[in-house]
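# Chains, contacts and geometry: an overview
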Amino acid sequence: ISKTRPSVNSAGLSRMQLVEAASDALRNISIPNGPALITFWGNRGVGKTTLLTDIADYFSAEQQVQIVKINEIGKSTIEEIKQGLSEKISPLSLDKSVVVLVDDLDELLRSDSQSFFDFERTVVQPLVDQGNVLILCTSQIELNQWREDDVRIRQVNHHLQAMEYEEAISLLSDTEIPAKRAYKLTLGHPNVAGWLKEDPSLTDRQLAYKAWKYFLEDMPADAMSIAQIVYQFPIFNIFILQKTYAILTGDQLGYLD
């Protein structure tokens, strides 16, 4: 892998160190117990998929790197994923580096945790043991649940946070939206910046509705009813929350809830 500094097309300069972390891992993939599985984690809309795309674009410029993507991981069986990867990787020489991209890996944990561990045992561990494969994943949560020793030793998590002020406003520099307002509207989320680039005329109310749909649409009703109360508190206090919840809803809020 070239030691030239990678460029980041759309994810922001603060993500440069994450691109470099992936580049360093692939450069040293043959070192025993070095990183072979990297998870970039963060909340929705923070740019995880964009980061994977930027890394793939960077690696694609290297002739000795093969990019393999696992698409819609929750919609394929583990055996289908294994077979698909085998068909793409097996014909390659062991001298050729391979980067496997897995977006939304935590989808397996949300749907069925056993599928996650089956994926680890059937797909991840053999790739890690192969010695020329770097697996790059995204997740909304930090992934430390790995059971296999070979995987735990060679995995690392990187927290992907919102973009800095200068990055957020630079994405919207051609929209004529004032800098302070651009950052206030996006809060550093590339996804929100993308909405504004497509339609700079969005009002605060329209943008708030899009954000509601995107960030909160899948939140369970019980969690939503609690969140609508607790977000108003300057600090969290379970006793006050229980009392307030009972007054506002007429129902008791159990501690485990």
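Above this text is the structure in question.
Report on the accompanying structure.

### Side note on the environment of Gln-252
Within the element layout of this structure, Gln-252 appears in the segment after α12 (238-249). Gln-252 sits in the exposed class, given a relative accessible area of 69%. Expressed as a C-alpha distance, the spacing of Gln-252 and Gln-242, which sit 10 residues apart in the sequence, is 7.1 Å.

### Some details on the layout of surface pockets
Estimates place the volume of the largest pocket at around 520 Å³. Lining the largest pocket are 21 residues, and of these Asn-43, Arg-44, Ala-211, Phe-215 and Leu-216 lie nearest its centre. Of all the elements in the fold, those that place two or more residues in the lining of the largest pocket are α8 (179-186) and α10 (204-216). A total of 7 residues in the lining of the largest pocket trace back to one element, the largest contributor, which is α10. Residue classes in the lining of the largest pocket are distributed as 11 nonpolar, 4 polar and 6 charged. Taken as a whole, the second largest pocket encloses approximately 360 Å³ of empty space. What lines the second largest pocket is a set of 16 residues, and nearest its centre among them are Ile-70, Asn-71, Glu-72, Asp-103 and Asp-104. At the level of secondary structure, the elements contributing two or more residues to the lining of the second largest pocket comprise α2 (48-60), β2 (65-70), β3 (97-102) and α4 (107-111). The element contributing the most residues to the lining of the second largest pocket is α2, with 3 residues.

### Let's talk about the packing of aromatic side chains
In total, this model carries 6 aromatic pairs according to the counting rule given. Where Phe-116 meets Phe-117, the ring centres are 5.4 Å apart and the plane angle is 85 degrees; that geometry is what we call edge-to-face. A single burial state applies to Phe-116 and to Phe-117, both of which are buried. Pairing Tyr-214 with Phe-215 gives two aromatic rings, centres 4.9 Å apart and planes at 90 degrees, and the pair type is edge-to-face. Residue classification places Tyr-214 among the partly exposed residues on the basis of a relative accessible area of 22%. Overall, Phe-215 belongs to the partly exposed group, its relative accessible area being 28%. An aromatic cluster is defined as three or more aromatic residues linked by ring pairs; in this entry it consists of Phe-116, Phe-117 and Trp-146. Looking at Arg-147, its charged tip hangs above the ring of Phe-117, at a distance of 3.6 Å from the centre. In this structure, Lys-210 is placed above the aromatic ring of Trp-195, and the distance from its NZ or CZ to the ring centre is 5.1 Å.

### Topic: the pairing of strand β1 (residues 37-41)
Among the 5 residues that make up β1, 5 are buried, leaving the element largely enclosed by the rest of the structure. Alternating residues of β1 divide into Leu-37, Thr-39 and Trp-41 and Ile-38 and Phe-40, and every residue in both groups is buried. Two strands pair when backbone bridges link them, and β1 and strand β4 (residues 133-139) are joined in this way by 5 bridges, in the parallel orientation. Directly across from Leu-37, in β4, lies its bridge partner Ile-135. Strand direction decides the pairing type here: β1 and strand β5 (residues 155-159), joined by 5 bridges, are parallel. Across the sheet, Trp-41 pairs through a bridge with His-159, a residue of β5.

### A few points about the sheet that holds β4
Strand pairing in a sheet relies on backbone hydrogen bonds, with the paired strands running either antiparallel or parallel. Taken in spatial order, the 5 strands line up as β2-β3-β4-β1-β5 in an open sheet, and their pairing is parallel. Each edge of the open sheet is held by one strand with a lone partner, namely β2 and β5. Adjacent strand axes in the sheet meet at a mean angle of 20 degrees when their direction is disregarded. Taken strand by strand, α2 contacts β1, β2, β3 and β4, and its axis lies near 160 degrees from that of β4. Across the sheet, helix α5 (residues 113-130) touches β1, β2, β3 and β4, and the angle it forms with β4 is around 140 degrees.

### Some details on α8
Residues Ala-182, Leu-185 and Thr-186 constitute the buried set of α8. Across the axial projection of α8, the buried residues extend over an arc of 90 degrees, all falling on one side. Across α8 from its buried face, at more than 90 degrees, point the exposed residues Lys-180 and Lys-184. Those residues of α8 hidden inside the fold are in contact with α7 (165-171), α9 (190-198) and α10. Leu-187 sits one or two residues past α8 and shows a positive phi near 55 degrees.

Rules and cut-offs
Residues numbered from 1 in each chain as written. Predicted model: local features only at pLDDT ≥ 70, side-chain atom pairs only at ≥ 80, totals over all residues. Heavy atoms only, no water. Helix = DSSP H or I, 4+ residues; strand = E, 2+ residues; numbered from the N terminus. Buried < 20%, exposed > 50% of the residue type's maximum accessible area, 1.4 Å probe, protein only. 1 Å grid on protein atoms, 1.4 Å probe; cavity = no way out; pocket = protein on both sides within 12 Å on 5 of 7 lines; lining within 4 Å. Points joined across faces, edges and corners; volume = space filled by probe spheres on them. Nonpolar A, V, L, I, M, F, W, Y, C, P; charged D, E, K, R; others polar. Phe/Tyr/Trp six-rings, centres within 6.5 Å; stacked < 30°, edge-to-face > 60°. Lys NZ or Arg CZ within 6 Å of the ring centre and 35° of its normal. Pairing = 2+ DSSP bridges. Axes fitted to C-alpha atoms, helices over the stretch in contact; angles between N-to-C directions. Contact = heavy atoms within 4.5 Å. Arc of directions from axis to C-beta.

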